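# Fold and geometry: a report
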Amino acid sequence: MASTIAKMFRVDSDVNPEIAEAHPAWRRVQLARHPKRPHSLDYIERLFSEFHEIHGDRGFADDPAIVTGFAEFEGRPVMVVGEQKGRDTKQKLIRNFGMPKPEGYRKGLRAMQMAAKFGRPVITFLDTPGAYPGIDAEERGQAEAIARNLREMARLPVPVIVVCIGEGGSGGALALGVGNIVLMLENAVYSVISPESCAAIIYRDSGKAEQAAAALRLTAQDLEGLKLIDDIVAEPEGGAHENPDETASNLREHLRSRLDQLTVMSQEQLVTHRYDKFRQMGNFFA
């Protein structure tokens, strides 16, 4: 039993040999950040066909931290928008460690508006430690770009399915997270702030990140209990990186079922469903 538990929550021995001794929430954080964990492009490759990437926000630049494009899911036309981390050092620098800038969110919104025009469901993948906080991003309107995405996604007249596949970090993830259905991988995390930043603010010590992770209620199990997500997608023993194909297969079943559920709704019903879903969040006394 001990060896099974250790395998389920290991990263790599050379990355963090003490992970099996950590708090369960902190173990989830470590697994969500695993260097071999599948990213958006890995799922796009396994789940979709005829993927044609869209580049640029038609205003400033193309942001490689967000990948988007037309695709088909089991013969059904869809639009895919995903946050993409790099795998090695070079890719991480190119992808800005998965932290989008304003042009990334504007590119994603441009794609989603095209999806609305052509009646394609939107599927987004969340995997970011947070929106890029640099001066250049602030100068180009980071907060405005995120706020605009929240508003526009809330009223898209097509089905929107959100999948948190790794780190769902604060507004950086929520900017692509307003959906009719929100799915979350078993070892993903979704929170208003990273455990390190929370610990630095609350405890004045970023080293207490494990304690902060426990308090943040950021695991899929916590969020399902709070009714902030709809379904948990199972991962293979040890985490998604142990068998990406199995993880993608599990996710495929959820996407198929939820798309079937949503595509029978009218445009008005989809918008109302999404609006009501988010209005109920945090309302524990209704």
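Report follows, based on the coordinates. Please read these numbers as outputs of a predicted model, since none were measured by experiment.

## Side note on the environment of Ala240
Mapped onto the elements, Ala240 comes out in the loop between β8 (231-233) and α12 (244-262). Of the residues examined, Ala240 reaches a relative accessible area of 0% and is grouped as buried. Taking the C-alpha atoms as reference points, Ala240 and Arg27, separated by 213 residues in sequence, lie 14 Å from one another. Residues within four places of Ala240 in sequence aside, it is in contact with Arg37, Pro38, Tyr43, Glu235 and Thr247.

## Here we look at empty space enclosed by the protein
What the rule picks out here adds up to one cavity of 30 Å³ or more. The volume enclosed by the largest cavity comes to roughly 90 Å³. Contributing to the lining of the largest cavity are 13 residues, with Glu167, Gly169, Ile193, Ser194 and Pro195 lying nearest its centre. In terms of residue class, the lining of the largest cavity is made up of seven nonpolar, four polar and two charged.

## Description of helix α13 (residues 267-279)
If you check α13, its first and last C-alpha atoms are 18 Å apart, about what 13 residues at 1.5 Å a residue would give, namely 18 Å. Within α13 the residues assigned to the buried category are Leu270, Arg274 and Lys277. Here the buried residues of α13 occupy an arc of 65 degrees about the axis, which is enough to place them on one side. Across from the buried face of α13, at angles greater than 90 degrees, the exposed residues are Glu268, Tyr275 and Arg279. In this structure, the buried side of α13 is in contact with α7 (142-154), β5 (160-169), β6 (181-185) and α12.

## Focus: the layout of surface pockets
Empty space within the largest pocket amounts to approximately 360 Å³. What lines the largest pocket is a set of 15 residues, among which Tyr190, Ser191, Val192, Leu223 and Leu228 lie closest to the centre. If one sorts the elements of the lining of the largest pocket by residue count, helix α8 (residues 170-174) sits on top with three residues. For the second largest pocket, the calculated volume is near 250 Å³. Taken together, Ala32, Arg33, His34, Pro35, Arg37, His39, Lys85, Gly86, Lys92, Phe97, Pro129 and Glu167 make up the lining of the second largest pocket. Taken together, the residues that form the lining of the second largest pocket break down as four nonpolar, three polar and five charged.

## A short note on the nonpolar core
One finds Tyr43, Phe48, Phe125, Val163, Leu251 and Leu255 to be the most contacted residues of the largest nonpolar core, which totals 55 residues. Leave out the neighbours within four places in its chain, and Leu255 touches Leu47, Phe73, Ile123, Ile161, Val163 and Leu183. Counting residues in each nonpolar core, the second largest holds nine residues, with Ala22, Ala25, Ala209 and Ala213 among its members.

## Quick notes on the packing of helix α2 (residues 24-32) against helix α10 (residues 209-216)
With their axes 7 Å apart at the nearest point, α2 and α10 run at an angle of 100 degrees to one another. Taken together, α2 and α10 sit at an angle that is classed as roughly perpendicular. Between α2, through Ala25, Trp26 and Val29, and α10, the contact on the second element is made entirely by Ala209, Glu210, Ala213 and Ala214.

## Quick look at α12
Residue pairs three or four apart in sequence face the same way in an α-helix, which turns once every 3.6 residues. Its 19 residues place the ends of α12 26 Å apart at the C-alpha level, agreeing with the 27 Å of an ideal helix rising 1.5 Å per residue. Every buried residue of α12 is listed here: Thr247, Ala248, Asn250, Leu251, Leu255, Arg258, Leu259 and Leu262. For α12, the arc enclosing every buried residue in end-on projection is 165 degrees, short of the 170-degree limit, so these residues lie on one face.

## Here's the deal with the side chain of Arg95
Mapping Arg95 onto the fold places it in the loop between α4 (89-94) and α5 (102-118). One buried charge, Arg95, has no salt-bridge partner; the nearest side chain with opposite charge is Glu53, at 5.2 Å. In this structure, Arg95 is in contact with Leu41, Pro64, Ala65, Val67, Gln84, Lys85 and Gly86, ignoring residues within four places of it in sequence.

## Things to note about the side chain of Arg28
Summarising the element assignment, Arg28 is placed in helix α2. Buried and unpaired, Arg28 has Glu186 as its nearest opposite-charge partner, separated by 4.2 Å. Within the structure, the side chain of Arg28 is placed 2.2 Å from the side chain of Asn187, a separation counted as a polar contact.

Calculation criteria
Residues numbered from 1 in each chain as written. Predicted model: local features only at pLDDT ≥ 70, side-chain atom pairs only at ≥ 80, totals over all residues. Heavy atoms only, no water. Helix = DSSP H or I, 4+ residues; strand = E, 2+ residues; numbered from the N terminus. Buried < 20%, exposed > 50% of the residue type's maximum accessible area, 1.4 Å probe, protein only. Contact = heavy atoms within 4.5 Å. 1 Å grid on protein atoms, 1.4 Å probe; cavity = no way out; pocket = protein on both sides within 12 Å on 5 of 7 lines; lining within 4 Å. Points joined across faces, edges and corners; volume = space filled by probe spheres on them. Nonpolar A, V, L, I, M, F, W, Y, C, P; charged D, E, K, R; others polar. Expected span 1.5 Å × (residues − 1). Arc of directions from axis to C-beta. Core = buried A, V, L, I, M, F, W, Y, C linked by side-chain atoms within 4.5 Å. Axes fitted to C-alpha atoms, helices over the stretch in contact; angles between N-to-C directions. Parallel < 35°, antiparallel > 145°, perpendicular 65-115°, else oblique. Lys, Arg positive; Asp, Glu negative; His and termini not counted. Salt bridge = Lys/Arg side-chain N within 4 Å of Asp/Glu carboxyl O. Polar contact = N/O pair within 3.5 Å; in protein donor to acceptor, adjacent residues only side chain to side chain.

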